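# Tertiary structure, described
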Amino acid sequence: MKLDIIGDVHGCYDEFQELTRALGYRWEEGIPIHPEQRSLAFVGDLTDRGPDSVRVLDAVCRLVEEQDAKYVPGNHCNKLYRYFLGNNVQETHGLETTVAELDSMPADEYRILRKRFLSIYDQSPLYQVLDDRRLVIAHAGIRADYIGRMDARVKTFVLYGDITGEKHEDGSPVRRDWAKKYAGEPFVVYGHTPVKEPRRIGQTINIDTGCVFGGQLTGLRWPEQETVSVESKQPLVPEKFRTFD
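Description of the structure in this document. (Residues numbered from 1 in each chain as written. Predicted model: local features only at pLDDT ≥ 70, side-chain atom pairs only at ≥ 80, totals over all residues. Heavy atoms only, no water.)

### Observations concerning the overall build of the protein
Check the secondary structure of the protein and you find six helices and 12 strands. Here the protein has a C-alpha radius of gyration of 17 Å; the compact-globule value for 245 residues is 18 Å, and the two agree. Reported as C-alpha extents along the three principal axes, the dimensions of the protein are approximately 50 × 45 × 35 Å. Going through the 245 residues of the protein one by one, you find that 55% of them count as buried. Taking the intrachain contacts of the protein between residues at least 6 apart in sequence as the baseline, contacts between residues at least 24 apart amount to 60%. Summed over its atoms, the accessible surface of the protein is roughly 11600 Å², and 45% of this surface lies on carbon and sulfur atoms. Side-chain charges in the protein split into 32 positive and 39 negative, and the spacing between the mean points of these groups amounts to 5 Å. (Helix = DSSP H or I, 4+ residues; strand = E, 2+ residues; numbered from the N terminus. Rg over C-alpha atoms; globule rule 2.2 N^0.38 Å. Buried < 20%, exposed > 50% of the residue type's maximum accessible area, 1.4 Å probe, protein only. Contact = heavy atoms within 4.5 Å. Areas by Shrake-Rupley, 256 points an atom, 1.4 Å probe, with all protein chains shown as cover. Lys, Arg positive; Asp, Glu negative; His and termini not counted. Charge placed at Lys NZ, Arg CZ, Asp CG, Glu CD.)

### Quick word on the packing of helix 3 (residues 75-84) against helix 5 (residues 107-123)
Relative to each other, helix 3 and helix 5 sit at 125°, their axes nearing to 10 Å. As summarised for this structure, helix 3 and helix 5 are arranged oblique, according to the angle between their axes. Helix-helix and strand crossings are classified by hand; for helix 3 and helix 5 the assignment is left-handed. Of the residues in helix 5, those in contact with Cys77, Asn78, Leu80, Tyr81, Tyr83 and Phe84 of helix 3 are Tyr110, Arg114, Phe117, Leu118, Tyr121 and Asp122. The residue makeup of the contact of helix 3 with helix 5, split by class, is nine nonpolar, one polar and two charged. (Axes fitted to C-alpha atoms, helices over the stretch in contact; angles between N-to-C directions. Parallel < 35°, antiparallel > 145°, perpendicular 65-115°, else oblique. Left-handed = near helix turned anticlockwise from the far one by under 90°. Nonpolar A, V, L, I, M, F, W, Y, C, P; charged D, E, K, R; others polar.)

Scope: geometric values only; no functional claims are made or implied.
Next up, the structure:
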């Protein structure tokens, strides 16, 4: 299995195009296709905050539908899913940018995109266990003893990280550094927490390098375990990046 796993895109379509080209993909069909049968995978958070969430959604839906791309939902994907279902969700923390794009679409195009996203979300597992259990893709990571489980506690961990229930001064949740304690055999690729550079600890790597906050968009080649990054075109927001001791 040869995969290129891409971190949190958050509506940064131009950087997504640039990164896939850097990974060797061609865009002759309107979506990135690799000439050597490599496939793409996504750690979630396709939309919100960035300038082109609708174009990212459309491209990833096509990749899942036509190219068997792998996708796992992030917390922003989960919120968009609930919005599309008509649930009462707050249009905050970036969802408002996606909703503004959706509101400007012709009604028939909106209905089609909504149906396609709901379909890929419903068909995708909470996290992907791939390559004979050598690889796990989970949006915010996963504990070794959670692999194989799909209950509510695991869902919260995979979507939001190892949250304590406390809040930072800016309102963001306090999260434990679960990767330092991970001792499982599968290699875990995740995102969710923006870091300035891909952060590898043991059998884990965080590839959310904060593209929407002016950092980079990063992909990980599997099984090579090589990272490829492109610079963001978005304004830099330094306080959004997490630092570790």
